[in-house]
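Structural features, examined
As a plain string of letters, each chain reads:
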Amino acid sequence: MTSHNEIQPFIRCDQFNFIKFQVKHLVHAHSTVKDPAVLNAIKYVALDKIMNLFPEMSEDHQVFHKITEIEQDIQGKSFLDALKSYVIPFKPITEKTVGKLFPKAGKLKLQFLKNVDFKELSYLGWYDIRSDKKFLIFDYKGKLMGIHGTFRHKTKGICSLCNHHGEVGLFMANVKSGKETFTNRGNYICDDSHECNQNLQRLDKLEYFIENLKN
């Protein structure tokens, strides 16, 4: 069996968010459920759901098993803090990287990059007030891809990326639809991209969004 110290990062951000949700569910269950048998069942259902995210891992792996010991917030936080060392960070994004992805965008204010935790990203998104555009960077099939577009009509609704209800706006990008033709495509996405990343627990909707917008 692979020792704890030898394990390389293998958890995607969306998978880590899914695990965080299971931890939150467990803590809530311990505050509301009194039947030990029911609590025990909830613990092992949570463990099974997490292990199903990693079918290639051996069943005797111990990385996730401590989730069955979680009863309070402080235990959950300790578990997640330890687990975060196994999260795969998003590819490094620098001002030079952004310049290459958006060569026609001009000078963008990117001071926020130094405060970004790349282990908390499934994608990078921000609104640039000077150009009045929203910029998105994805890791698409192992390569960074940038898309920018307008962001209008803020309202309460369902985000097409994370599938959560909150403050969303209509993101529209002008993308190539033929040899010499372009069309506007997009959907409603979270106003706050950081919050969106925190809520994203699977990649299927994000991948569909990218497929719809790529040239």
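Here the structure is a predicted model, which is why all the values come from computation and not from measurement. (Residues numbered from 1 in each chain as written. Predicted model: local features only at pLDDT ≥ 70, side-chain atom pairs only at ≥ 80, totals over all residues. Heavy atoms only, no water.)

1. A few points about unusual backbone geometry
Where we set the bar: Every helix listed is a DSSP run of H or I at least four residues long, and every strand listed is a run of E at least two residues long, numbered separately from the N terminus.
Non-glycine residue His153 carries a positive phi angle of around 55°. Its place among the elements puts His153 in strand β3 (residues 143–158). Even without being a glycine, Asn163 presents a positive backbone phi close to 70°. Mapped onto the fold, Asn163 is located in the loop between β3 and β4 (165–176).

2. Things to note about the packing of helix α1 (residues 13–32) against helix α2 (residues 36–51)
Note the cut-off: The axes are straight lines fitted to the C-alpha atoms, using for helices just the contacting stretch, and the angles between their N-to-C directions are given from 0 to 180°. Every angle not falling under 35 degrees, over 145, or within 65 to 115 is termed oblique; those three ranges are roughly parallel, roughly antiparallel and roughly perpendicular. We call two residues contacting when some pair of their heavy atoms lies within 4.5 Å. Residue type decides the class: Asp, Glu, Lys and Arg count as charged, Ala, Val, Leu, Ile, Met, Phe, Trp, Tyr, Cys and Pro as nonpolar, and the leftover types, Gly among them, as polar.
For the pair α1 and α2, the least separation of the axes is 10 Å and the interaxial angle reads 180°. One element, α1, and the other, α2, form an angle in the roughly antiparallel class. Along the contact surface, α1 presents Phe18, Ile19, Gln22, His25, Leu26, Ala29 and His30, while α2 presents Leu39, Ile42, Lys43, Ala46, Lys49 and Ile50. For the contact of α1 with α2, the residue count by class is 8 nonpolar, 3 polar and 2 charged.

3. What about the side chain of Lys43?
Selection rule: Three labels apply to residues, based on accessible area from a 1.4 Å probe with only protein chains included: buried if under 20% of the type maximum, exposed if over 50%, partly exposed otherwise in between. The charged-residue count follows a simple rule in which Lys and Arg add positive charge and Asp and Glu add negative charge, with His and chain termini not counted at all. Note on definitions: salt bridges are taken to be side-chain nitrogens of Lys or Arg within 4 Å of carboxyl oxygens of Asp or Glu.
Examined against the element boundaries, Lys43 turns out to sit in helix α2. One buried charge, Lys43, has no salt-bridge partner; the nearest side chain with opposite charge is Glu71, at 4.1 Å. If sequence neighbours within four positions are ignored, Lys43 has contacts with Leu26, His30, Thr68, Ile70 and Glu71.

4. Quick look at the packing of α1 against helix α3 (residues 73–83)
Filter applied, for reference: Note on convention: near helix rotated counterclockwise from far helix by under a right angle means a left-handed crossing. Clockwise means right-handed.
Contact pair α1 / α3: the axes reach a minimum separation of 10 Å and the direction vectors enclose 165°. Of the possible angle classes, the one that applies to α1 and α3 is roughly antiparallel. Crossing of α1 against α3: the hand is right-handed. In this structure, α1 contributes Phe16, Ile19, Lys20, Val23 and Val27 to the contact, and α3 contributes Asp73, Gly76, Phe79, Leu80 and Leu83.

5. Considering the pattern of salt bridges
A complete count under the given rule lists 9 salt bridges for this structure. Here Lys154 and Asp191 are joined by a salt bridge, their closest N and O atoms 3.3 Å apart. Pair noted here: Lys154 is in strand β3 and Asp191 is in the loop between β5 (182–190) and α5 (193–199), with a separation of 37 residues, a long-range link. Judged by relative accessible area, which is 51%, Lys154 ranks as exposed. Classification of Asp191 as partly exposed rests on a relative accessible area of 30%.

6. With respect to the packing of aromatic side chains
Heads up, the condition is: Pairing of aromatic side chains here covers Phe, Tyr and the six-membered ring of Trp, requires ring centres within 6.5 Å, and sorts the geometry by plane angle: under 30 degrees stacked, over 60 edge-to-face, intermediate tilted. For a Lys NZ or an Arg CZ to count as sitting over a ring, it must be within 6 Å of the ring centre and within 35 degrees of the ring normal.
Evaluated as defined, the whole model comprises 11 aromatic pairs. Centre to centre, the rings of Phe138 and Phe209 are 6.3 Å apart; their planes meet at 65°, and the pair counts as edge-to-face. One end of the pair, Phe138, is in strand β2 (residues 133–140); the other, Phe209, is in helix α6 (residues 204–213), and 71 residues separate them in sequence. For the pair Phe138 and Phe209, one class covers both residues: buried. On the basis of an interplanar angle of 50° and a centroid distance of 6.1 Å, the ring pair of Phe171 and Phe209 is categorised as tilted. Of the two residues, Phe171 is situated in strand β4 and Phe209 in helix α6; the sequence distance between them amounts to 38 residues. An identical accessibility class is assigned to Phe171 and Phe209; each is buried. Through successive ring pairs, a cluster of aromatic residues spans Phe10, Phe54, Phe64 and Tyr86. Over the face of the ring belonging to Phe151 we find Lys134, whose NZ or CZ atom lies 4.8 Å from the ring centre.

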